[in-house]
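Per-entry structural report
Listed here are the chains, written in short residue letters.
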Amino acid sequence: MAELKNLLKQQIIEVLNLEDICVADIQDDDALFGDGLGLDSIDALELIVLLDKQYGIKLADPKQGKEIFASINTLAAFVEQNRTK
Amino acid sequence: MQKISQYIAIRDNRVLWNDNVVFEGQSSDFKDFAKELYQHLEINYPKFYKMDNLCKLAFLASEIALTNNEEEDIALLFCNKEGSLDSDLQHQKLISNIDNFYPSPALFVYTLPNISIGEVSIRHQLKSESMFLLADRYQSEYIAPYCELLINSSKANKVLCGWLKMINGDYQANFYLVEPEGILEHNIENIDQIINK
């Protein structure tokens, strides 16, 4: 799981162009949206694409995103349970 | 008659402000040059890194023109020939393979050139008149009287005008600020000289 969390952090930094942030700056329980990394709605869409492209996960209900994208911990747990690739 | 208070040219890794070189980057690649200039200007605005190249270019030119500006009523009149073609082509590339179809929402939002006006307006908290004009060349004879009208009718106190080029890494920005006081007469001859620098 630690390896997956690390990979997710790298992928988020890359796809969201977070140039001033490195993997070590993102704590596993940091909020990804709002006061945490300060991501916005377009970033959320980009994360949905990332889940589909990298892990074969299609989010059927966008409302799920709020819980799934709460932190690296919640995102990694969701990916671990639902990934098809 | 209004005046031109300052003018800026960004091209060939360099920034000229009123004809003086004020920054010279090390990289010939626009993305790297833009990052160098962003850091040189000591800007703290992480959203910059998410912008497409056209927006980065307009953002940086505007940032230089509006340094220490406290005026809120600044109209924005930007113009280019290529529209958002630079990002359109990247988007097309992403969606052209049906077996690997993952369009990027973050790229798609930049497939309109007037987003650059939005980015500058958000950055400087402008809720003013704006226009993004697509044309083969800078329309001085049309834009100059429009600037005069905007200021004379109190629609704006200043007008930031810009001619942009961004396609496949080839870039150029020529911006000038129009307001009641300045260093040059706001006339077509001076505008054409600024745009062609």
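The paragraphs below set out a description of the structure included in this document. (Residues numbered from 1 in each chain as written. Chains lettered and ligands numbered in written order. Predicted model: local features only at pLDDT ≥ 70, side-chain atom pairs only at ≥ 80, totals over all residues. Heavy atoms only, no water.)

**Description of the overall build of chain A**
Helix and strand counts for chain A come out as 4 helices and 0 strands. The linear arrangement of helices and strands in chain A, starting from the amino end, is α-α-α-α. For 85 residues, the compact-globule estimate of 2.2 N^0.38 gives 12 Å, and chain A sits close to it at 12 Å. Within chain A, buried positions represent 39% of all 85 residues. (Helix = DSSP H or I, 4+ residues; strand = E, 2+ residues; numbered from the N terminus. Rg over C-alpha atoms; globule rule 2.2 N^0.38 Å. Buried < 20%, exposed > 50% of the residue type's maximum accessible area, 1.4 Å probe, protein only.)

**Looking at the pairing of strand 4 (residues 74–80) of chain B**
Residue and element names in this part refer to chain B. Within strand 4, 7 of the 7 residues are buried, leaving the element largely enclosed by the surrounding structure. Taking every second residue as pointing to the same face, both faces of strand 4 are buried, with Ile74, Leu76, Phe78 and Asn80 on one and Ala75, Leu77 and Cys79 on the other. Sheet topology note: the strand 4/strand 6 (residues 158–167) ladder contains 7 bridges and is parallel. Within strand 6, the position partnered with Asn80 by the bridge is Leu164. (Pairing = 2+ DSSP bridges.)

**Quick word on the interface of chain A and chain B**
Counting residues at the interface gives 13 residues for chain A and 11 residues for chain B. Between chain A and chain B, roughly 1200 Å² of surface is buried when both sides are summed, and carbon and sulfur atoms account for 55% of that area. The interface formed by chain A and chain B holds 2 salt bridges in total. The residue B:Lys50 makes a salt bridge to A:Asp43 at a minimum N-O spacing of 3.0 Å. Counting across the chain A and chain B interface gives 5 residue pairs in polar contact (both at pLDDT 80 or more). (Contact = heavy atoms within 4.5 Å. Buried area = accessible area lost by both parts, 1.4 Å probe. Salt bridge = Lys/Arg side-chain N within 4 Å of Asp/Glu carboxyl O. Polar contact = N/O pair within 3.5 Å; in protein donor to acceptor, adjacent residues only side chain to side chain.)

**Points about the side chain of B:Ser5**
The residue B:Ser5 is located in strand 1 (residues 3–11) in this model. Here the side chain of B:Ser5 touches B:Glu179 through a polar contact of 2.6 Å, side chain to side chain.

**A word on unusual backbone geometry**
Residue and element names in this part refer to chain B. With a phi close to 65°, Asn13 is a non-glycine residue in the positive phi region. Note that Asn13 resides in the loop between strand 1 and strand 2 (14–17). A positive phi is found at Glu42, a non-glycine position, where the angle reads about 55°. For Glu42, the position within the fold is in the loop between helix 1 (30–40) and helix 2 (53–65). Overall, the relative accessible area of 73% leaves Glu42 in the exposed class.

**As for the packing of aromatic side chains**
Residues and elements named next belong to chain B. Taken as a whole and judged by the stated rule, the model has 14 aromatic pairs over all chains. For the ring pair Phe30 and Phe33, a centre distance of 6.5 Å and an interplane angle of 50° mean the geometry is tilted. Of this pair, Phe30 and Phe33 are both found in helix 1, 3 residues apart, which corresponds to roughly one turn of the helix. Judged by relative accessible area, Phe33 falls into the buried class, the value being 0%. Taken together, the ring pairs connect Tyr38, Tyr45, Phe48, Tyr49 and Phe59 into an aromatic cluster. Cation over ring: Arg123 sits above Tyr45, and NZ or CZ is 4.9 Å from the ring centre. (Phe/Tyr/Trp six-rings, centres within 6.5 Å; stacked < 30°, edge-to-face > 60°. Lys NZ or Arg CZ within 6 Å of the ring centre and 35° of its normal.)

**Quick notes on the pattern of salt bridges**
Residues and elements named next belong to chain A. Scanning all chains against the criterion turns up 13 salt bridges over all chains. Between Asp28 and Lys5 there is a salt bridge whose closest N-O contact spans 3.8 Å. Here the residue Asp28 occupies a position in the loop between helix 1 (2–15) and helix 2 (41–55), and Lys5 occupies one in helix 1, the gap between them amounting to 23 residues. The class of Asp28 is partly exposed, set by a relative accessible area of 27%.

These figures come from the coordinates and say nothing about function on their own.
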